[in-house]
Amino acid sequence: MTVVQLRYQFRVYPTPRQQIELARAFGCARVVFNDGLRLRRQAREAGEKYISDGELSRQIITEAKLTPQRAWLGEVSAVVLQQALADLNTAYRNFFASVTGNRKGRKIAPPRLRSRKDNRQAIRFTRNSRFKVLDNGRLRLPKIGDLAVRWSRTLPSDPSSVAIIKDAAGRYFASFVVQASQDETLPPVDSEIGIDLGLTHFAVMSDGTKITAPKFLRRAARKLKRLQQDLSRKQRGSQNRKKAVVKVARAHARVADTRRDWQHKLSTAIIRENQAIYVEDLCVVGLGRTRLATSVHDACWASFTAMLEYKAARYRRTFGRVDRFFPSTRMCSQCGRINEKMALNVRAWDCPCGAAHDRDVNAALNVLAAGQADNGNDRGAQVRPGLVPAPRGEAVTHPDAACSTRSVEGISAL
Ligand SMILES: [Zn+2]
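Residues numbered from 1 in each chain as written. Predicted model: local features only at pLDDT ≥ 70, side-chain atom pairs only at ≥ 80, totals over all residues. Heavy atoms only, no water.

Engineer: How do you make sense of the overall build of the protein when you look at a structure like this?
Structural biologist: Within the protein, the regular secondary structure consists of 10 helices and 14 strands. Put simply, the protein has 414 residues, and 45% of those count as buried. Taking contacts inside the protein between residues at least 6 apart in sequence as the whole, the part at least 24 apart equals 68%. Accessible surface for the protein amounts to roughly 22,300 Å². Of this, 50% is attributable to carbon and sulfur atoms. (Helix = DSSP H or I, 4+ residues; strand = E, 2+ residues; numbered from the N terminus. Buried < 20%, exposed > 50% of the residue type's maximum accessible area, 1.4 Å probe, protein only. Contact = heavy atoms within 4.5 Å. Areas by Shrake-Rupley, 256 points an atom, 1.4 Å probe, with all protein chains shown as cover.)

Written out as structure tokens, the structure reads:
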């Protein structure tokens, strides 16, 4: 039986006193992270070898606590500090794997310093920190206290870790990681689907279904834009600016929540109705830097495909990302011929083989065929003998190598 990791997020309501303790813990975690990063950068500039995880922990936590400059690190849970360093180590590992080509997808930038002004502050407690969900429903955290939690559902089993997050709108969340055995299954179905994530539509499916982002989301996005314009007109450092910042953050949070709900419904429906789901592996951040930025960010595909991925794992469906190294848009899904480049406003085209294509549905059909081929399922290839998609992991220089690690929007998947 496979074990999957599920994330459950709930709103928490710390008291003013607990907010102070949390702020202290966020601060200490940030300092440890930044100290570690600086030390490794210095070692690198001095031409010394990479400082091991254990050595870094000794210098940045254990020994630092003994110095007057860092003695206050002792005031927060040691696990919080270790987990901050663990984040740094993971960031480095991802960066190295990306540089050496062991990691697929977009390029990862080296870790960067964390700031007090970051939109999201977070700390993590693991099981050995002895955090505990009490019988009265409160969440006990070492050196913080018992937090009130709004439980919107029950945890399926004991959580292995919990992260406490403060978002830009000043809201607090507890995000639990739970190991669950994969016992939830859906009845198997025959259909398999390819999804093209587009700009004119949120998603277009190989069966011809086109999904537009709902009106309420677009309306909320327009309101957000207006609030942002208001903000840009306020004087730096003024009290009015501070108020406007909070307004924008609240509006952002509302849009993110609404979008997440909508994406949950959509992704669940897709998983339910299809046995295999294939999407393009897009470099969304790369696209996000272009003129199309707003619509791309708004569409927020990254969190959507992440939902599809974990729900597929949970319900034993097949999920595959198809590398976008083949021209899914201008390749004919009937004969495999690669046609001329098309402008973005060309919505339909005819192939010399006689096939008439809707641009996005054709792309989705190609994604489906490529996904099936990747998956060792040659059904797609039999139907379309001319189609030879680039194999996964082929050494192709990604056009978006300049992508930063900035995610499209820091929305966690559940
Ligand atoms: Zn054709």
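Engineer: Help me understand the nonpolar core, please; the structure alone is not making it clear to me.
Structural biologist: A general trend in soluble globular proteins is that nonpolar side chains are found buried together. Counting 44 residues, the largest nonpolar core has I123, F125, L139, L141, V162, I164 and F176 as the members making the most contacts within it. With 10 residues, the top contributor of residues to this core is helix α1 (residues 16-45). Discounting residues that sit within four places of it in the chain, L141 has contacts with F125, F131, L147, V162 and I164. The next biggest cluster of nonpolar side chains, apart from the first, holds 28 residues, and it includes L186, F202, L217 and I271. (Core = buried A, V, L, I, M, F, W, Y, C linked by side-chain atoms within 4.5 Å.)

Engineer: How do you make sense of the coordination of the zinc ion when you look at a structure like this?
Structural biologist: Each donor-metal-donor angle in an ideal tetrahedron of four donors is 109.5 degrees, and each such angle in an ideal octahedron of six donors is either 90 or 180 degrees. Taken together, the protein ligands of the zinc ion are C332 (SG), C335 (SG), C351 (SG) and C353 (SG), with distances of 2.2 to 2.3 Å. The coordination sphere of the zinc ion comprises four donor atoms, whose angles at the metal cover 106 to 114°; the geometry is tetrahedral. Donor residues for the zinc ion sit on one chain with the sequence pattern C-x2-C-x15-C-x1-C. One end of the pair, C332, is in the loop between β12 (318-323) and β13 (348-350); the other, C351, is in the loop between β13 and β14 (356-358), and 19 residues separate them in sequence. Side by side, C332 and C351 carry an identical accessibility label, which is buried. (Donors = N, O, S within 2.8 Å, 3.2 Å for Na, K, Ca; no water. Tetrahedral: all angles 85-135°; square planar, octahedral: opposite > 155°, others 65-115°.)

Engineer: Please explain the confidence of the model for the protein as it appears in this structure.
Structural biologist: Note: predicted coordinates in regions of low pLDDT should not be interpreted at a detailed level. Per-residue pLDDT for the protein has a mean of 81; in total, 83% of the residues score no lower than 70. Throughout residues 284-296 the model reports pLDDT below 50, and contacts reaching past four residues in sequence, or to other chains, amount to 23 contacts. (pLDDT = per-residue confidence, 0-100.)

Engineer: I would appreciate a short explanation of the pattern of salt bridges in the present structure.
Structural biologist: Opposite charge on two side chains permits them to pair, given that their charged atoms come into close proximity. The tally for this structure, following the rule as stated, stands at 19 salt bridges. One salt bridge connects D35 with R38, and the closest N-O pair in it is separated by 3.4 Å. Of this pair, D35 and R38 both sit in helix α1, three residues apart, which is roughly one turn of the helix. Counted as one network, the salt bridges with shared partners bring together R17, E21, R24 and E75. (Salt bridge = Lys/Arg side-chain N within 4 Å of Asp/Glu carboxyl O.)

Engineer: I tried to follow a positive patch on the surface on my own but got confused; where do I start?
Structural biologist: On the surface, K223, R226, K234, K243, K247, R250 and R254 cluster together into a patch of positive charge. The set of elements that each furnish at least two residues to the positive patch consists of α4 (215-233) and α5 (239-273). Considering each element in turn, the positive patch owes the most residues, four residues, to α5. With respect to the helices and strands, K243 occurs in helix α5. We classify K243 as exposed; its relative accessible area is 56%. (Patch = residues over 30% accessible without salt bridge, like charges linked within 9 Å, V, L, I, M, F, W, Y side chains within 5 Å. Lys, Arg positive; Asp, Glu negative; His and termini not counted. Charge placed at Lys NZ, Arg CZ, Asp CG, Glu CD.)

Engineer: What is the right way to read the side chain of D360 from this model?
Structural biologist: Secondary-structure assignment places D360 in helix α9 (residues 359-374). Given the relative accessible area of 7%, D360 is considered buried. Here R347 takes part through its side chain, which lies 2.6 Å from a polar atom of the side chain of D360. Setting aside residues up to four positions removed in sequence, D360 forms contacts with D196, T200, H201, V204 and R347. (Polar contact = N/O pair within 3.5 Å; in protein donor to acceptor, adjacent residues only side chain to side chain.)

Engineer: Looking at this structure, how should I read the pairing of strand β8 (residues 192-196)?
Structural biologist: Working note: regular strand, side chains alternate between the two faces of the sheet. With respect to burial, β8 is a largely interior element, five of its five residues being buried. With burial as the criterion, each face of β8 is covered, one bearing E192, G194 and D196 and the other bearing I193 and I195. Strand direction decides the pairing type here: β8 and strand β9 (residues 203-205), joined by two bridges, are antiparallel. Residue pairing in the sheet places D196 in a bridge with V204 of β9. (Pairing = 2+ DSSP bridges.)

Engineer: Whenever I open this one, unusual backbone geometry confuses me. Can you help?
Structural biologist: Trans is the common state for peptide bonds, and a negative phi is the common state for residues other than glycine. A positive phi angle, near 65°, is found at R130, a position not held by glycine. Along the chain, R130 falls in the loop between β2 (121-126) and β3 (132-133). Its identity as a non-glycine residue notwithstanding, K143 has a phi of 65°, on the positive side. When you line up the elements, K143 lands in the loop between β4 (139-141) and β5 (145-150).

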